[in-house]
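A structural walkthrough
Read off the chains here:
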Amino acid sequence: MYTIGIYIFVLGMLIAAIFHKKARKMVVGIGQTYLLLRRHIKNTDRVVWFHAASLGEFEQGRPLMERLRVEHPEYKILLTFYSPSGYEVRKDYEGADLVCYLPFDTPGNALSFIRLAHPEIAIFIKYEFWTNYLITCRRKGIKTYSVSSIFRPDQYFFRWHMFGKYPTLKPLRQFDHLFVQNESSKKLLAEHGINCVTVVGDTRLDRVIAIKNAAAPLPLVEKFAGNSPCFIAGSSWGPDEEIYIPYFGKHKDWKLIIAPHVISETHLKDIEKLLDDNGISHLRYTELEKGESTLSTEFGALIVNCFGKLSSIYRYGKVALVGGGFGVGIHNVPEAAVYGIPVIFGPNNEKFREAQALKACGGSFEYQDAESFAAIMDKFITSPADLQKAGQAAGGYINANAGAADKCFNAIFN
């Protein structure tokens, strides 16, 4: 039934590609995969294959890839993506010898891909469990690992289905080992007879520490911030903006830096209108870069209308907001917390392990509406000691739980 479902999905994607740009990119990219494999992978190459759904999973696997490149240069690194949003951003990633799309998970595609790539080791990151690829790897004797995975009872692996109990455990049984984020995942797998499991934590924490250590100063942001306290809204969405922007319209001693998740002209204009309506003067980051505007103390908000800056911008904040909590789910909380500042976010955060852990230790806080947001910020503003304590808790959690990448790497490659 799984494979039939995949074929139906493929047909749907082919039809969607006629009308939708993202689907078309994916279909065209997959069509080039076999050509790229023939061109770049030789029969004599020793290959390690990493597969990530998109950018978030890529960042979790990146510490392993970069260490592998340094310590075992005899391997070629093959990196595949499922999503165009991952591939299009990282198709030129220098840490891999070849970056391409993963063809749809049919038995024929899996066999063709594995024959051409012939990896010695396959590493699937977090939520990637493609049954036919995993079965093919097992049959070919390829060592196969799941890294930074996390499991919950409500996932489809552990549900009753019309064709019997737990038929979807099959892909999980193909792994040589699973490196999971927490004890509850290990316990759940053990309850279903899967015991080749080690709790290591999340490799993303190692990645955010590395990003922080390598982050370059941003003089334009530093000048904008000046001596004022800064609130950083990272991966910001409309429902978040409708709450925090009016608050800072009443607290203009704070500077506001907004890095939208979606950088479109429509969204940027919506942000600018909200700022105007609340009496907050503003400018765009690219205006500064091009010299079209000069910094002045009159500006209250800086809109970061370009990619690649956010992880460095958090260093200038006193408090960070991570968006998505009123829709798709919150984004990268550790990326902000690593700087030792408290992080706040909307209610859709229950499936995000780091968010829950940071809430438990006092390093992050949830808001549901304008009133609860104001209560959190009022406390930070009126009590510098509480602000400092929350920031220390956030940074302390990240540092105390780092090291997952080392544990995975040593178990797989040493």
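Going by the structure above, here's the rest.
These remarks concern the structure in this document. (Residues numbered from 1 in each chain as written. Predicted model: local features only at pLDDT ≥ 70, side-chain atom pairs only at ≥ 80, totals over all residues. Heavy atoms only, no water.)

With respect to the overall build of the protein chain
A count of helices and strands for the protein chain gives 18 helices and 16 strands. Relative to its length of 414 residues, the protein chain is compact, with a C-alpha radius of gyration of 23 Å against a globular reference of 22 Å. For the protein chain, with 414 residues in total, the buried portion stands at 54%. A separation of at least 24 residues holds for 64% of the contacts in the protein chain among residues at least 6 apart in sequence. Distance from the positive charge centre (47 side chains) to the negative charge centre (42 side chains) of the protein chain: 8 Å. (Helix = DSSP H or I, 4+ residues; strand = E, 2+ residues; numbered from the N terminus. Rg over C-alpha atoms; globule rule 2.2 N^0.38 Å. Buried < 20%, exposed > 50% of the residue type's maximum accessible area, 1.4 Å probe, protein only. Contact = heavy atoms within 4.5 Å. Lys, Arg positive; Asp, Glu negative; His and termini not counted. Charge placed at Lys NZ, Arg CZ, Asp CG, Glu CD.)

Some points on the pairing of strand β8 (residues 177-180)
Pairing analysis gives 4 bridges linking strand β5 (residues 143-149) to β8, with the strands arranged parallel. The residue bridging Y145 from the neighbouring strand is H177, located in β8. Sheet topology note: the β8/strand β9 (residues 197-199) ladder contains 3 bridges and is parallel. When the bridges of β9 are listed, L178 appears paired with V197. (Pairing = 2+ DSSP bridges.)

Points about the sheet that holds strand β14 (residues 319-322)
If you trace the 7 strands from one edge of the open sheet to the other, you get β12-β13-β11-β10-β14-β15-β16, paired in parallel fashion. Edge positions in the sheet fall to β12 (282-284) and β16 (364-366), since each has one partner strand and no second. Within this sheet the neighbouring strands show an average axis-to-axis angle of 20 degrees, counted without direction. Relative to strand β11 (residues 255-260), strand β10 (residues 230-236) runs parallel, the two sharing 6 bridges. Bridge pairing in β11 links F231 to L256. (Axes fitted to C-alpha atoms, helices over the stretch in contact; angles between N-to-C directions.)

Some words on the packing of aromatic side chains
This structure, assessed with the given rule, holds 28 aromatic pairs. The interplanar angle of 80 degrees and the centroid separation of 5.8 Å between the aromatic rings of F231 and F373 together place this pair among those described as edge-to-face. Placement of F231 in strand β10 and of F373 in helix α16 (residues 370-382) is noted, with a sequence separation of 142 residues between them. Each member of the pair F231 and F373 is classed as buried. Joined through ring pairs, the aromatic side chains of W49, F113, F124, F129, Y133, F151, F157, F158 and F175 make up one cluster. The ring of F224 has K255 lying over it, and the distance from NZ or CZ to the ring centre is 4.5 Å. (Phe/Tyr/Trp six-rings, centres within 6.5 Å; stacked < 30°, edge-to-face > 60°. Lys NZ or Arg CZ within 6 Å of the ring centre and 35° of its normal.)

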